[in-house]
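Coordinates in review
Listed here are the chains, written in short residue letters.
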Amino acid sequence: MAEERIKNKRTVFVGNLPVSCTRKALQILFKELGSIESIRFRSVAREDPSMSLKVAAIQRKVHPKRQSINAYIVFKSEEGAEKALQRNGLEIEKGFHIRVDRASKSASHDHKRSVFVGNLPYDVNELPLRNHFEECGKVEAVRLVRDRRSGMGKGFGYVLFESMDAVQLALKLDGSELDGRKVRVKRSVKKEKVKSVKNRAAKGAKGPRKGDSAAAAKNSGKAKDSGKASPMQRGPKGGLKGRPGKGPHGKALSGPGPRRLARPHGGGSFKGEMVTPGGDKAKGKGLKKKKLKARKRDQAIHI
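No experiment lies behind these values; they were computed from the predicted model shown.

Conventions and cut-offs
Residues numbered from 1 in each chain as written. Predicted model: local features only at pLDDT ≥ 70, side-chain atom pairs only at ≥ 80, totals over all residues. Heavy atoms only, no water. Helix = DSSP H or I, 4+ residues; strand = E, 2+ residues; numbered from the N terminus. Buried < 20%, exposed > 50% of the residue type's maximum accessible area, 1.4 Å probe, protein only. Phe/Tyr/Trp six-rings, centres within 6.5 Å; stacked < 30°, edge-to-face > 60°. Pairing = 2+ DSSP bridges. Axes fitted to C-alpha atoms, helices over the stretch in contact; angles between N-to-C directions. Contact = heavy atoms within 4.5 Å.

**Points about unusual backbone geometry**
Residue Asn16 is not a glycine yet carries a positive backbone phi of 60°. Counting through the fold element by element, Asn16 comes out in strand E1 (residues 11–18). Here Asp179, not a glycine, exhibits a phi torsion of approximately 55°, which is positive. Mapped onto the elements, Asp179 comes out in the loop between strand E10 (177–178) and strand E11 (181–182). Since its relative accessible area comes to 51%, Asp179 is described here as exposed.

**Observations concerning the packing of aromatic side chains**
Here the structure, examined in full by the defined rule, presents 4 aromatic pairs. A centroid spacing of 5.7 Å and a plane angle of 65° characterise the contact between Phe116 and Tyr158, whose relative ring orientation is edge-to-face. On the criterion of sequence distance, the pair formed by Phe116 in strand E7 (residues 114–118) and Tyr158 in strand E9 (residues 153–161) is long-range, its members being 42 residues apart. With a relative accessible area of 18%, Phe116 lands in the buried category. Geometrically, the ring pair formed by Phe133 and Phe161 is edge-to-face, given 6.5 Å between the ring centres and 70° between the ring planes. Placement of Phe133 in helix H5 (residues 126–133) and of Phe161 in strand E9 is noted, with a sequence separation of 28 residues between them. For Phe133, a relative accessible area of 0% translates into the label buried. One aromatic cluster in this structure is built from Phe116, Phe156 and Tyr158.

**Comments concerning the pairing of E7**
Taken across its 5 residues, E7 has 5 buried, putting it largely inside the fold. Covered by surrounding structure in E7 are Ser114, Phe116 and Gly118 together with Val115 and Val117, the residues of both alternating faces.

**Quick look at the sheet that holds strand E12 (residues 184–187)**
Reading across the sheet, the 4 strands line up as E8-E9-E7-E12 and stay open at both edges, with antiparallel pairing between neighbours. Looking at the sheet topology across the chains shown, the edges are occupied by strand E8 (139–146) and E12. Taking each pair of neighbouring strands and ignoring which way they run, the sheet shows an average axis angle of 25°. Where E7 and E12 come together, 4 bridges link them in antiparallel fashion. Across the sheet, residue Phe116 finds its bridge partner in E12, namely Lys186. Each of E7, E8, E9 and E12 touches H5; the most contacted strand, E8, lies at about 135° to it.

So yeah, pure geometry; function would need other evidence.
As structure tokens, then:
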């Protein structure tokens, strides 16, 4: 494992190479930067799925819709790999700007100078994507995420600019058309940050917090002790919820619903004297009192 880590520090990744690129062409391109130990081609989209990746890379049996391949160059010294980064963005053939990165996992992507581009065609190449964002600022590198087995695109990628100011202009291209599709342009963020945001959203969608459920249980307990209904048990106008056709004490009601009329206050009728049109009081000729029978408690009333 220690030898592998040291070897990774001496290795560079070279992306967006034309299919016609050979080992000799790469040696000529990088030999002046340092002595090369080995070169191996990768990310070949096979025309025949039954063919192995190694044979497809040697014979260059590439899918007709895939116009580029990648390679790994191992230098004899770490200094050579460091100098090889100077070739990043170099146009080695018309329409092919190569991307040169360190192969070691410690190499980090600069998200502050990058944008995420989604809803891309699966067979899109780096050149149309580069040309689409060239108006925002100078593009340092374009990375299309591809499937390991087929080598075809997954429909999204990243554009790295030389300046952070270009990112603001690139975000304005959200919804613009590229090869007949409206692309999504967002800020590039780390995977850890995306996972944390998704986890917070998932936790919020699960339900109320523990404190909220405990408070609800406490309120319901108080309502039981006091004999009164809690706000959740009350009806729409303060009445008590119960079974349809039942009164508050469980007795059946023969009317259309469990509504009860309030008991009249005062008990008696109007008391006083009538005044005649002439102004004299008519003694003993007051309004007749109308006696109301007291209604028994919980007696049903027919309206």
